[in-house]
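Here's the letter readout for the chains.
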Amino acid sequence: MTRAKLKSPEKMMSAFRLFWEARNKALERNLITDNWGGIHSCTRIADIMAAWACYPNIQLLKYKMHPDAEMSAAAYAWREQGIADGLPESEIQANLKLEHVLPQREMTLTIGEMIDNGRTDEEIFVWLRANYRIVVLTAEETIELNRRNRSRICPDRLKGIELHVRGSGNPSD
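Scope of this entry: the structure provided in the associated data block. (Residues numbered from 1 in each chain as written. Predicted model: local features only at pLDDT ≥ 70, side-chain atom pairs only at ≥ 80, totals over all residues. Heavy atoms only, no water.)

1. Some words on the overall build of the protein chain
Convention followed: Each helix corresponds to a stretch of at least 4 residues labelled H or I by DSSP, and each strand to a stretch of at least 2 residues labelled E; elements are numbered beginning at the N terminus. Whether a residue is buried, partly exposed or exposed follows from its accessible area with a 1.4 Å probe, protein chains only, as a fraction of its type maximum: under 20%, in between, or over 50%, in that order. For the area figures, the Shrake-Rupley method with a 1.4 Å probe applies, and any residue is considered shielded solely by the protein chains shown.
Helix and strand counts for the protein chain come out as eight helices and four strands. Classification of the 173 residues of the protein chain by burial places 40% in the buried group. Here the protein chain displays about 10100 Å² of accessible surface, and carbon together with sulfur accounts for 51% of that area.

Dropping the structure here:
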């Protein structure tokens, strides 16, 4: 199967369900814990699946430079100044960080709980599209944000960070 045929959130959901089931069985048999690797494959699959579902027309590796990327005001100023100064794109991107507003491990556990509770793929995608969000921040903002809350889902995770949204604010529009 080609990469293009694999690249769909729906195929990733099938993979997630398979890995979630394996993770649950391994936990039940006391073969592993989540901290010993039980959740890691699920988390990676969930992140890719969410990105493809929520940002279908964007390569996240290029998101920092996308004109409609959701960014902090400081990250936007840094990027625009770097462009104006003629800095190489790689240098501009090195000073910007992608922040998953929905912490990945908690997102994975929430999706897994939804599966355990019999939710459909479509119900999970509705939840993902309502909650998954990537914002570009400066390195300093990312450090400060992670000091406050790196692992819990909370609606005001970005509180105190001034956001600059250009265009619609949703690159997948």
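2. Quick notes on the pattern of salt bridges
Here is the rule: For salt bridges, the criterion is a side-chain nitrogen of Lys or Arg within 4 Å of an Asp or Glu carboxyl oxygen.
Per the counting criterion, the structure on display carries seven salt bridges. In this structure, the salt-bridge partner of E21 is K25, at a minimum N-O distance of 3.1 Å. Taken as a pair, E21 and K25 lie in helix 2 (residues 9-28) at a separation of four residues, close to a single helical turn. Residue classification places K25 among the partly exposed positions, given a relative accessible area of 40%. For R133, the salt bridge identified is with E70, shortest N-O distance 2.7 Å. On the criterion of sequence distance, the pair formed by R133 in the loop between helix 7 (121-131) and strand 3 (134-138) and E70 in strand 1 (residues 70-72) is long-range, its members being 63 residues apart.

3. Focus on the nonpolar core
Selection criterion: As used here, the term nonpolar core means buried Ala, Val, Leu, Ile, Met, Phe, Trp, Tyr and Cys residues forming a set that is joined through side-chain atoms within 4.5 Å. The contact definition used throughout considers only heavy atoms, calling two residues in contact when any of these lie within 4.5 Å.
In terms of nonpolar packing, the biggest core is built from 35 residues, with F16, M107, I111, L128 and Y132 touching the most fellow members. Of all the elements in the fold, those that place two or more residues in this core are helix 2, helix 3 (40-54), helix 4 (73-84), helix 6 (104-116), helix 7 and strand 3. Sorting elements by how many residues they give to this core places helix 3 first, with eight residues. Once residues lying within four places of it in the same chain are set aside, the contact partners of Y132 are D47, A50, A51, C54, Y55, L60, H100, L102 and M107. V101, L137, L145 and L158 belong to the second largest nonpolar core, which has six residues in total.

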